[in-house]
Each structure stands twice: as C-alpha cells, then as structure tokens.
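Single-letter residue listing:
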Amino acid sequence: MFTLPELPYRYDALAPILSEATLRTHHDKHHAKYVEVTNALLAEAGSGAASLEEVVEKARRRGARKLFNNAAQALNHAFYWECMNPARTEPSAALSKAVASAFKGPEPLRRQFIEEGLDHFGSGWVWLTIREGRLQILATHDGDTVMRVAGLTPLLVCDLWEHAYYLDHRNDRSAYLAGWWDRLVNWEFVSQQYEAAAGRAAAWAYPRPVATAQTPAQDAAAARR
Ligand code: FE2
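Cut-offs used in this document
- Residues numbered from 1 in each chain as written.
- Predicted model: local features only at pLDDT ≥ 70, side-chain atom pairs only at ≥ 80, totals over all residues.
- Heavy atoms only, no water.
- Helix = DSSP H or I, 4+ residues; strand = E, 2+ residues; numbered from the N terminus.
- Rg over C-alpha atoms; globule rule 2.2 N^0.38 Å.
- Donors = N, O, S within 2.8 Å, 3.2 Å for Na, K, Ca; no water.
- Tetrahedral: all angles 85-135°; square planar, octahedral: opposite > 155°, others 65-115°.
- Buried < 20%, exposed > 50% of the residue type's maximum accessible area, 1.4 Å probe, protein only.
- Pairing = 2+ DSSP bridges.
- Axes fitted to C-alpha atoms, helices over the stretch in contact; angles between N-to-C directions.
- Contact = heavy atoms within 4.5 Å.
- Domains from an automatic or database assignment.
- Buried area = accessible area lost by both parts, 1.4 Å probe.
- Salt bridge = Lys/Arg side-chain N within 4 Å of Asp/Glu carboxyl O.
- Nonpolar A, V, L, I, M, F, W, Y, C, P; charged D, E, K, R; others polar.
- Parallel < 35°, antiparallel > 145°, perpendicular 65-115°, else oblique.

A. Focus on the overall build of the protein. Assigned secondary structure in the protein consists of nine helices and three strands. Reading the protein from its N terminus to its C terminus gives the helix and strand order α-α-α-α-α-β-β-β-α-α-α-α. The C-alpha atoms of the protein give 18 Å as radius of gyration, which agrees with the globular expectation for 225 residues (17 Å, within 12%). Principal-axis analysis of the C-alpha atoms places the extent of the protein at approximately 55 × 40 × 30 Å.

B. A look at the coordination of the iron ion. Surrounding the iron ion are the protein donor atoms H26 (NE2), H77 (NE2), D159 (OD) and H163 (NE2), which sit 1.9 to 2.1 Å from the metal. One can describe the donor arrangement at the iron ion as tetrahedral, given that its four donor atoms subtend angles of 90 to 127° at the metal. The motif formed by the donor residues of the iron ion, counted along the single chain, is H-x50-H-x81-D-x3-H. Judged by relative accessible area, which is 0%, D159 ranks as buried.

C. Broad picture of the sheet that holds strand β1 (residues 124-131). Taken in spatial order, the three strands make up an open sheet running β2-β1-β3, and their pairing is antiparallel. Every other strand in the sheet has two partners, leaving β2 (134-141) and β3 (152-159) as the edge strands with one partner each. Sheet twist, expressed as the average angle between the axes of neighbouring strands with direction ignored, equals 25°. Across eight bridges, β1 lies against β2 in antiparallel orientation. Considered in β2, the bridge of W125 is made with T140. This element, helix α3 (residues 65-82), spans β1 and β3 of the sheet and lies at about 80° to β3.

D. Focus on the domain arrangement of the protein. Each assigned domain of the protein is listed with its residue range as follows: domain 1 (20-84 + 206-224) and domain 2 (93-197). Taking only C-alpha atoms, the centre of domain 1 and the centre of domain 2 are 23 Å apart. Contacts between the two partners involve 22 residues from domain 1, matched on the other side by 26 residues from domain 2. Summed over both partners, the interface of domain 1 with domain 2 comes to about 2000 Å²; 61% of that surface belongs to carbon and sulfur atoms. Across the pair R148 and E57 runs a salt bridge, and its minimum N-O distance is 2.8 Å. Elements with a minimum of two residues in the side of domain 1 that touches domain 2: α1 (20-44), α2 (52-62) and α3. Across the side of domain 1 that touches domain 2, the residue classes tally to 10 nonpolar, seven polar and five charged.

E. Local environment of the packing of helix α4 (residues 93-103) against helix α8 (residues 187-197). At a minimum axis separation of 9 Å, α4 and α8 run at an interaxial angle of 80°. Relative to α8, the element α4 lies roughly perpendicular. Taken together, the residues of α8 that come into contact with α4 (itself represented by A94, L95 and A98) are W187, V190, S191, Y194 and E195. In the contact of α4 with α8, the residues fall into six nonpolar, one polar and one charged.

F. Fine view of the pattern of salt bridges. All told, the structure shown has eight salt bridges when counted by the stated rule. For D12, the salt bridge identified is with R10, shortest N-O distance 2.8 Å. Taking the relative accessible area as the measure of exposure, D12 reaches 32% and is therefore partly exposed. Exposure remark for R10: the relative accessible area of 61% places this residue in the exposed category.

G. Expanded view of the environment of L95. Residue position: L95 is located in helix α4. Assessed through its relative accessible area of 0%, L95 is described here as buried. Separated by 69 residues in sequence, L95 and A164 have C-alpha atoms that sit 27 Å apart. Setting aside anything within four residues of it in sequence, one finds L95 in contact with L155, W187, V190, S191 and Y194.

This is the structure in structure tokens:
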C-alpha cells in the first residue's frame, strides 16, 4: 500500500501565503483521501503495483478513471509539496541559462506561468516541464498529470484547485499564484529535476509502496504484472 508522504516542512512554514489551516486540510484531508482511495481500489483489484507512477500509467491506458484520478492526484500532490520551500532558493546556473534561452529571462517565465494558471478554467495544475531539452509551461485539468508522459520531465507544479488557496486568498487565484511564485518556489528542487532530465541526477519519485500481508494468490498476481 502507498503511504501519505509527510510534508517536507512544518504546517505553518508557508504562511502567510499558505496558512497552517490550509496545509492541514490540503495535506491531511484531501491528499490523504486520494492515497486512501487509491489503496482501496488497488486492494479491491488484488493489485500489488510496483510504483504509484506505474499505477497512474496503467490506469490511464486501461481507462480506469476512478483509479487514475485518485492515483494521479496522490502523485501530483506529493510533487507539489516538494516544489515549495519556506527558505529563499535560487535556480542553478544551468537552469537559469535554459530559462534565459526559452523565455528570455525569469520575469517572462513568471508572467507566463501565472497567466497560464489564471487562464486555466476550473480545477487543475500548471506545470513547468522539459521535453527533449525544451522548457514548456503546460496545464492539466482536474486530476490529470504530466507524470509518465514519454520523454517529459516535470520541473515544477502549482495546484489550481480552490482547496489549495481558498481559505487564504478566497477567489483571488492571482494573489495565490503571485505569492506562491515569489515566496514559495523551491528552486533547488526545480534545478534538481532539471539535472534529472539531463540524466545527471535522479528524478523525484513517489515513495515506494510498503509491503502488506498478501494472500499467495495476490503475490502470484503481483509477480505476473
Ligand atoms: Fe490540491
């Protein structure tokens, strides 16, 4: 079964952009629920998946919508927590150079990322990604994810669901996005993902599932997958 990763900082560490109340609800209720439903669906199917990324990929391929939505949301949220840090961080020299080349500097990247998030209708996620050396801003709807898209590495994501910002910013998604970008982005993590895309570091991955007691039939089924 998959566990809910702990936040990599204290619940009050991202205030005032994201309050303790927001993180407690967002992480302990919303994220926890996605993990719980994913585990329940996998248990129901007698499935002992190797990684959450594989669960997402297989569920997408098979059109298993409920499993896909919950597993992808579990994955997206775990990545989102890593994308933030209360300490001020800077992008690496290599990433800065790539941003200068793709966006003509950090300010146009900031503007375009925030615009993409603002223009996104309804719930979803806004991403900075890299594919074949090309940086690109993308948005996905609802629980959809860019994880396990062939050749693509996510560098950064921001949660656009109202549960991410409504307690602190009400309907002002713009204030959330600007504060988030200016105060919370963990550029060390983004830089590490950039290195991973170039094959020079390990990419982030969801914590592997912990073993649970399985029947011999479930063990055999898991071994065949
Ligand atoms: Fe969320």
